[in-house]
Amino acid sequence: MPHTLEWKVRLHLFEDDDGTTKAHLVLDTGTTELTGHGSAHCHPADADVPEIGDELAAGRALSDLARQLLQAAERDIEGVGAPRPNTRETAPWSL
């Protein structure tokens, strides 16, 4: 049976007073909302290139969200009766 969904993602980037770029990422699946966070701080010896801070903070927020999605999938796999994989096993459904 075909399955099509649309999930909405909102990414907010902002810089605070100490020069740290922060990312706040919200994934809305229609039934669940997950939030990822990431940050980046320019080293004083490096050139100040705001785009790099944005990329690092956003990438870290995406990574945080990916970790949460994988954990949710593992819980759901376990919820349908499949054993939760350990770090050396492959899940019955590939993650």
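Structure's up top.
Participant: When you look at the overall build of the protein chain in this model, what are you seeing that I'm missing?
Facilitator: Check the secondary structure of the protein chain and you find one helix and three strands. Residue burial in the protein chain is summarised as follows: out of 95 residues, 24% are buried. On the protein chain, roughly 7,200 Å² of surface is accessible, and the fraction owed to carbon and sulfur atoms is 54%.

Participant: Please clarify how the sheet that holds strand E3 (residues 33–41) should be interpreted in this entry.
Facilitator: Where strands meet in a sheet, backbone hydrogen bonds hold them as pairs that are either parallel or antiparallel. Sheet architecture is open: three strands sit in the order E1-E2-E3, paired in antiparallel fashion. The open sheet is flanked by strand E1 (8–15) and E3, the only strands paired with a single partner. Sheet twist, expressed as the mean angle between neighbouring strand axes with direction ignored, is 15°. Inspection of the sheet shows strand E2 (residues 20–28) paired to E3 by nine bridges, in the antiparallel sense.

Participant: Sorry if this is basic, but what is going on with the nonpolar core here?
Facilitator: Generally speaking, nonpolar side chains in soluble globular proteins are found buried as a group. Ranked by size, the top nonpolar core spans eight residues in total: Ala23, Leu25, Leu27, Leu34, Ala40, Ala57, Ala61 and Leu65. Counting residues per element, the ones that place at least two in this core are E2, E3 and helix H1 (50–79). The contact partners of Ala40, leaving out residues within four places of it in the chain, are Gly19, Thr20, Thr21, Gly53, Leu56, Ala57 and Arg60.

Participant: Explain a negative patch on the surface to me, please; I cannot follow it from the model alone.
Facilitator: A cluster of acidic residues, Glu15, Asp17, Asp18 and Asp48, forms a negative patch at the surface. Topologically, Asp17 is positioned in the loop between E1 and E2. Take Asp17: its relative accessible area is 87%, and that puts it in the exposed class.

Participant: Could you clarify how one ought to interpret the layout of surface pockets in this entry?
Facilitator: Rolled over the atoms, a probe with the dimensions of a water molecule shows which regions are left empty. Volume-wise, the largest pocket comes out at about 280 Å³. What lines the largest pocket is a set of 17 residues, and nearest its centre among them are His41, Cys42, Asp48, Val49 and Gly53. Counting only elements with at least two residues in the lining of the largest pocket, the list comes to E3 and H1. Here the lining of the largest pocket takes five residues from H1, the largest share from any one element.

Participant: Before we go on, may I ask you to explain the environment of Gly30 in this structure?
Facilitator: Counting through the fold element by element, Gly30 comes out in the loop between E2 and E3. Considering only alpha carbons, one finds Gly30 and Glu6, 24 residues apart in sequence, at a separation of 8.4 Å.

Cut-off values and rules
- Residues numbered from 1 in each chain as written.
- Predicted model: local features only at pLDDT ≥ 70, side-chain atom pairs only at ≥ 80, totals over all residues.
- Heavy atoms only, no water.
- Helix = DSSP H or I, 4+ residues; strand = E, 2+ residues; numbered from the N terminus.
- Buried < 20%, exposed > 50% of the residue type's maximum accessible area, 1.4 Å probe, protein only.
- Areas by Shrake-Rupley, 256 points an atom, 1.4 Å probe, with all protein chains shown as cover.
- Pairing = 2+ DSSP bridges.
- Axes fitted to C-alpha atoms, helices over the stretch in contact; angles between N-to-C directions.
- Core = buried A, V, L, I, M, F, W, Y, C linked by side-chain atoms within 4.5 Å.
- Contact = heavy atoms within 4.5 Å.
- Patch = residues over 30% accessible without salt bridge, like charges linked within 9 Å, V, L, I, M, F, W, Y side chains within 5 Å.
- Salt bridge = Lys/Arg side-chain N within 4 Å of Asp/Glu carboxyl O.
- Lys, Arg positive; Asp, Glu negative; His and termini not counted.
- Charge placed at Lys NZ, Arg CZ, Asp CG, Glu CD.
- 1 Å grid on protein atoms, 1.4 Å probe; cavity = no way out; pocket = protein on both sides within 12 Å on 5 of 7 lines; lining within 4 Å.
- Points joined across faces, edges and corners; volume = space filled by probe spheres on them.

Read these as geometric descriptors, not functional statements.
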